[in-house]
Amino acid sequence: MVALIDHSSEINLMSMDFYKKGKWLINTKHRWKIRATRGATEELHGACLNVRVEIGDVEIDQHFFV
């Protein structure tokens, strides 16, 4: 089973492995970074826009950062 989990955060993140399985279109022309609570920063690979998420009979499009 493959799943994305909603942690009620302001942004949605997915792993590179999950992105590769989904084969979504991705925008990699950016300079986005994410900062962890301990102060470390990491560059994000890109953003997948309008990823269709289905939970039961509810469907919604969400943006995810990889």
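Our subject is the structure that appears above.
All chains use their own residue numbering, which begins from 1 and follows the written sequence. Reporting in this predicted model follows two pLDDT cut-offs: at least 70 for local features of residues, and 80 or more for side-chain atom pairs to be given and counted; totals over whole chains, interfaces and linings ignore these cut-offs and use all residues. Hydrogen atoms and water are omitted, and side-chain values are computed over all heavy atoms in the structure.

**Quick word on the overall build of the protein**
Where we set the bar: Only DSSP runs of H or I covering at least 4 residues are called helices, and only runs of E covering at least 2 are called strands; the numbering of each starts at the N terminus. Working definition: with a 1.4 Å probe on protein chains only, accessible area under 20% of the residue-type maximum means buried, over 50% means exposed, and in between means partly exposed. Whether two residues touch is decided by their heavy atoms; if any such pair falls within 4.5 Å, the residues are in contact. What sets the accessible areas is the Shrake-Rupley method with a 1.4 Å probe; for residues, cover comes only from the shown protein chains.
The secondary structure content of the protein amounts to 1 helix and 4 strands. Listing each helix as α and each strand as β along the protein from the N terminus yields α-β-β-β-β. With 66 residues in all, the protein has 20% of them scored as buried. In the protein, 26% of the contacts between residues at least 6 apart in sequence involve partners at least 24 apart. Accessible surface for the protein amounts to roughly 5,800 Å². Of this, 50% is attributable to carbon and sulfur atoms.

**Considering the packing of aromatic side chains**
What counts here: Only the six-membered ring of Trp is used, alongside the rings of Phe and Tyr, when aromatic pairs are assigned; centres must lie within 6.5 Å, and planes under 30 degrees apart are stacked while those over 60 apart are edge-to-face, with the rest tilted.
Under the definition given, this model contains 2 aromatic pairs. Between Trp32 and Phe65, the aromatic rings sit 5.3 Å apart at their centres with planes inclined by 90°, giving edge-to-face as the arrangement. Taken together, the residues span a long stretch of sequence, with Trp32 in the loop between helix 1 (16-22) and strand 1 (33-35) and Phe65 in strand 4 (residues 58-65) at a distance of 33 residues.

**Considering the side chain of Asn12**
To keep it simple, the criterion reads: As used in this structure description, the phrase polar contact means that two N or O atoms lie within 3.5 Å; if the pair is within protein, one of them must be able to donate a hydrogen and the other to accept it, and residues adjacent in sequence are counted only when both atoms belong to side chains.
Counting through the fold element by element, Asn12 comes out in the segment before helix 1. Of the polar contacts made by the side chain of Asn12, one reaches the backbone oxygen of His63; its length is 3.1 Å.

**With respect to the pattern of salt bridges**
To keep things clear, this is the line we draw: Salt bridges are identified by distance alone: a Lys or Arg side-chain nitrogen within 4 Å of an Asp or Glu carboxyl oxygen.
Evaluated as defined, the whole model comprises 2 salt bridges. As a salt-bridge pair, Glu59 and Arg52 come within 2.8 Å of each other at their nearest N and O atoms. By relative accessible area, Glu59 is classed as partly exposed at 48%. With a shortest N-O distance of 2.7 Å, Arg52 and Asp61 are connected by a salt bridge. Within the structure, one salt-bridge network assembled from shared partners comprises Arg52, Glu59 and Asp61.

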